[in-house]
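Working through the structure, step by step
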Amino acid sequence: VASSNFLAGSLPEEIGDSNLYLLKLDNNQFDGEIPESISFMNSLRTLFLYSNYFTGTLDNVFSYWRQLELAVVDISDNNLRGSVPDQLFRVRLF
């Protein structure tokens, strides 16, 4: 949990190597694309990345989440573009 700490920069692909249950990096200054490796975090149930400066689309990030048990996602208030992937309709959105 690292919310509201003015953290900046991009998230490394290695973040997907962790076994986190909760990833809460909201209200910071992260930028760049959301790493595709997040979709391989099998233990992840809750993802809060809202209120940052993430860019790009969500297609690559959520393409592998068909098998995950992700329950809550909030990626609002970023600079994302494109359509919402079908996989996100299986989780609770805020």
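Residues numbered from 1 in each chain as written. Predicted model: local features only at pLDDT ≥ 70, side-chain atom pairs only at ≥ 80, totals over all residues. Heavy atoms only, no water.

**Notes on the sheet that holds strand β1 (residues 8-9)**
With respect to topology, 4 strands assemble into an open sheet ordered β1-β3-β5-β7, the strand pairing being parallel. Sheet topology places β1 and β7 (79-80) at the edges, where each strand pairs with a single neighbour. Note: strand β5 (residues 53-56) against β7, 2 bridges, orientation parallel. The residue of β7 that forms the bridge with T55 is N79. (Pairing = 2+ DSSP bridges. Helix = DSSP H or I, 4+ residues; strand = E, 2+ residues; numbered from the N terminus.)

**Re the environment of G16**
Within the secondary structure, G16 sits in the loop between β1 and β2 (22-24). For G16, a relative accessible area of 10% gives the class buried. The residues contacting G16, other than those within four sequence positions of it, are S37, I38, F40 and M41. (Buried < 20%, exposed > 50% of the residue type's maximum accessible area, 1.4 Å probe, protein only. Contact = heavy atoms within 4.5 Å.)

**Regarding unusual backbone geometry**
At F6, a residue that is not glycine, the phi angle is positive and equals roughly 60°. Of the residues examined, F6 reaches a relative accessible area of 65% and is grouped as exposed. Although it is not a glycine, S51 sits at a positive phi angle of roughly 60°. By secondary structure assignment, the location of S51 is in the loop between β4 (46-48) and β5. Overall, S51 belongs to the buried group, its relative accessible area being 18%.

**Side note on the packing of aromatic side chains**
Evaluation of the coordinates by the stated rule reveals 2 aromatic pairs. When the centroid spacing of 6.3 Å and the interplanar angle of 10° are considered together, the rings of F30 and F54 count as stacked. Of the two residues, F30 is situated in strand β3 (residues 29-33) and F54 in strand β5; the sequence distance between them amounts to 24 residues. F54 shares its class with F30; the two are buried. Judged by centre distance (6.0 Å) and plane angle (85°), the ring pair of F48 and Y50 falls under edge-to-face. Per residue, the accessibility class of F48 equals that of Y50, and both read buried. (Phe/Tyr/Trp six-rings, centres within 6.5 Å; stacked < 30°, edge-to-face > 60°.)

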